[in-house]
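Spelled out from the first residue to the last, the chains are:
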Amino acid sequence: MVIPIKKAYGYVTRINNGETQVLVFQHPIKEAGIQIPKGTVKPQEDAYQAVIREMKEETGLENFHVEKLITEDFWENVDGAIHNRYFYQIRVSNVPDEWDHQPTGGGDEAGLTFHFFWISSEHEVQLIKGHGDYLDRIFT
């Protein structure tokens with residue numbers, strides 16, 4: 001039996017000039033494309049705790065509010081692994097329009113710099129596979 005890998009995804013949102021925007025980042029490795037912040041749930045965590053930790057590690061943001069769990073699903077990654085994904089909506093305010101951050105979680109991301117920016121529609125950029133699956137629930 002395959003045990004799914006638990007993943008916590010964050011649709012970090014803000015209201016800018018009356019419109020909802022979602023935080024994305026350009027990964028420095030070209031093939032990794034444009035993503036939303038996310039990461040693996042550690043054995044001692046639940047998905048809610050993981051999304052908070054991952055948002056701090058990947059974005060550098062400290063002041064945010066986890067509004068709700070949008071959905072939970074099971075998804076097959078390109079490598080064949082099954083991911084049990086948890087998508088959360090997270091609200092922020094008073095944040096820059098763009099910034100660079102070096103993730104602090106270690107592992108494969110050690111030494112990399114992510115470039116963060118905001119999008120105003122689900123079709124504004126091409127996110128890597130699986131990351132935009134529920135953007136329609138944000139941009140309604």
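Rules of the game
- Residues numbered from 1 in each chain as written.
- Predicted model: local features only at pLDDT ≥ 70, side-chain atom pairs only at ≥ 80, totals over all residues.
- Heavy atoms only, no water.
- Helix = DSSP H or I, 4+ residues; strand = E, 2+ residues; numbered from the N terminus.
- Rg over C-alpha atoms; globule rule 2.2 N^0.38 Å.
- Contact = heavy atoms within 4.5 Å.
- Areas by Shrake-Rupley, 256 points an atom, 1.4 Å probe, with all protein chains shown as cover.
- Lys, Arg positive; Asp, Glu negative; His and termini not counted.
- Charge placed at Lys NZ, Arg CZ, Asp CG, Glu CD.
- Expected span 1.5 Å × (residues − 1).
- Buried < 20%, exposed > 50% of the residue type's maximum accessible area, 1.4 Å probe, protein only.
- UniProt positions renumbered as here; feature names shortened; annotations may be inferred.
- Polar contact = N/O pair within 3.5 Å; in protein donor to acceptor, adjacent residues only side chain to side chain.

1. Looking at the overall build of the protein
Phase 1 of the analysis: A tally of regular secondary structure across the protein gives one helix and eight strands.
Phase 2 of the analysis: Ordered by position from N to C terminus, the α and β elements of the protein give β-β-β-β-α-β-β-β-β.
Phase 3 of the analysis: Relative to the globule expectation of 14 Å for 140 residues, the C-alpha radius of gyration of the protein, 14 Å, shows essentially globular dimensions.
Phase 4 of the analysis: Reported as C-alpha extents along the three principal axes, the dimensions of the protein are approximately 50 × 35 × 30 Å.
Phase 5 of the analysis: When contacts within the protein are restricted to residue pairs at least 6 apart in sequence, those whose partners lie at least 24 apart make up 62%.
Phase 6 of the analysis: Taken as a whole, the protein presents about 7,700 Å² of accessible surface, with 47% of it coming from carbon and sulfur.
Phase 7 of the analysis: Each charge sign in the protein was given a centre, from 13 positive and 22 negative side chains, and these centres are 3 Å apart.

2. Details of helix α1 (residues 47-59)
Phase 1 of the analysis: An ideal rise of 1.5 Å per residue puts 18 Å on 13 residues; α1 measures up with 17 Å between its terminal C-alpha atoms.
Phase 2 of the analysis: Inspection of α1 places Ala47, Ala50, Val51, Arg53, Glu54, Met55, Glu57, Glu58 and Thr59 among the buried residues, and these make up the whole buried set.
Phase 3 of the analysis: Gly60 occupies a position one or two residues after α1 and carries a positive phi of about 85°.

3. Points about the environment of His123
Phase 1 of the analysis: Assignment of secondary structure puts His123 in the segment after β8 (114-119).
Phase 2 of the analysis: Along the backbone, His123 and Asp136 are 13 residues apart, and their C-alpha atoms lie at a distance of 9.8 Å.

4. Quick notes on the UniProt feature "domain: Nudix hydrolase" (unreviewed entry) in the protein
Phase 1 of the analysis: Feature annotation in UniProt places "domain: Nudix hydrolase" (unreviewed entry) on residues 4-140, given in this structure's numbering.
Phase 2 of the analysis: Each end of residues 4-140 is marked by a C-alpha atom, and these two atoms are 30 Å apart; helix forms 9% of the span and strand 42%.

5. Remarks on the environment of Gln21
Phase 1 of the analysis: Mapped onto the elements, Gln21 comes out in strand β2 (residues 19-26).
Phase 2 of the analysis: Given a relative accessible area of 7%, Gln21 falls into the buried group.
Phase 3 of the analysis: C-alpha separation for the pair Gln21 and Ser121, spaced 100 residues apart in sequence, amounts to 7.3 Å.
Phase 4 of the analysis: Leaving out residues up to four positions away in the same chain, Gln21 has contacts with Val12, Thr13, Arg14, Asn16, Trp118, Ile119, Ser120 and Phe139.
Phase 5 of the analysis: There is a polar contact of 2.7 Å between the side chain of Gln21 and the side chain of Arg14.

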